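# Residue-level structural notes
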Amino acid sequence: MIDRKAIVREKFSDPELGNGYWVPIYPTFPPGRSALGFHHDPSWGKKNGESGTSGCIGLRTPEDTLTLVELIKHFNVHKLIVAS
C-alpha cells in the first residue's frame, strides 16, 4: 500500500535518502524493517560503495522521484502490485 497522505518533501538528515520526496509503502508481509519507501538514491551509479538501498526503491534523480509523486497523486494510486 502507498500512503499518499504521508508523502513528504524535505531535506533528509541521512545523505543517502537524497533531497526531495519520501513515499512510504507498507507491504502485506512483515518486512523486518521500520520503514520502506520510494526515495532518490543520490549514490546511484557512482560506484562509491553506497549505491542502492537497504530494501527501499531508489530512484535515479530527484526529478524521477517528483514524477513518481505527481503520477501517484494524479492517478490516485494507493496500491502497488509487485509481480515476478
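Look up: the structure comes first, before these words.
Here's what I pulled together on the structure shown here.

Scoring rules and cut-offs
- Residues numbered from 1 in each chain as written.
- Predicted model: local features only at pLDDT ≥ 70, side-chain atom pairs only at ≥ 80, totals over all residues.
- Heavy atoms only, no water.
- Core = buried A, V, L, I, M, F, W, Y, C linked by side-chain atoms within 4.5 Å.
- Buried < 20%, exposed > 50% of the residue type's maximum accessible area, 1.4 Å probe, protein only.
- Helix = DSSP H or I, 4+ residues; strand = E, 2+ residues; numbered from the N terminus.
- Contact = heavy atoms within 4.5 Å.
- Pairing = 2+ DSSP bridges.
- Expected span 1.5 Å × (residues − 1).
- Arc of directions from axis to C-beta.
- Axes fitted to C-alpha atoms, helices over the stretch in contact; angles between N-to-C directions.

The subject of this paragraph is the nonpolar core. Within soluble globular proteins, side chains that are nonpolar tend to cluster in buried spots. Counting residues in hydrophobic clusters, the biggest one holds ten residues: I2, I7, Y21, V23, I25, L36, F38, L59, V69 and I72. Where this core is concerned, the elements lending two or more residues are strand 2 (19–25), strand 3 (36–40) and helix 1 (62–74). Top element by residues in this core is strand 2. It accounts for three residues. In this structure I7 touches Y21, W22, V23, P24, V69 and I72, once residues within four positions along its chain are discounted.

Looking along a regular strand, one sees the side chains alternate between the two faces of the sheet. For strand 2, the tally of buried residues reaches six of seven residues, placing the bulk of the element in the interior. Here four bridges tie strand 1 (residues 8–11) to strand 2, and the two strands are oriented antiparallel to one another. The residue bridging R9 from the neighbouring strand is Y21, located in strand 2. Bridge count between strand 2 and strand 3: four bridges; the pairing is antiparallel.

Moving on, we get to helix 1. At 3.6 residues per turn, the α-helix brings residues three or four places apart onto the same side. With 13 residues, helix 1 should reach 18 Å at 1.5 Å per residue; the first-to-last C-alpha distance of 18 Å fits that figure. Within helix 1 the residues assigned to the buried category are T65, V69 and I72. Taken down its axis, helix 1 places every buried residue within 65° of arc, on the same side. Facing away from the buried side of helix 1, by more than 90 degrees, are the exposed residues E63 and H74.

Its identity is not glycine, yet N76 carries a phi of approximately 55°, on the positive side. Among the secondary structure elements, N76 is positioned in the segment after helix 1. By relative accessible area, which is 46% here, N76 ends up partly exposed.

Right, let's get into the sheet that holds strand 4 (residues 57–59). Strand order in the open sheet formed by four strands is 1-2-3-4, and the pairing between neighbours is mixed. The open sheet is flanked by strand 1 and strand 4, the only strands paired with a single partner. Strand-to-strand twist in this sheet, taken as the mean axis angle between neighbours without regard to direction, amounts to 25°. Helix-sheet contacts for helix 1 involve strand 2, strand 3 and strand 4, and the interaxial angle to strand 2 is about 45°.

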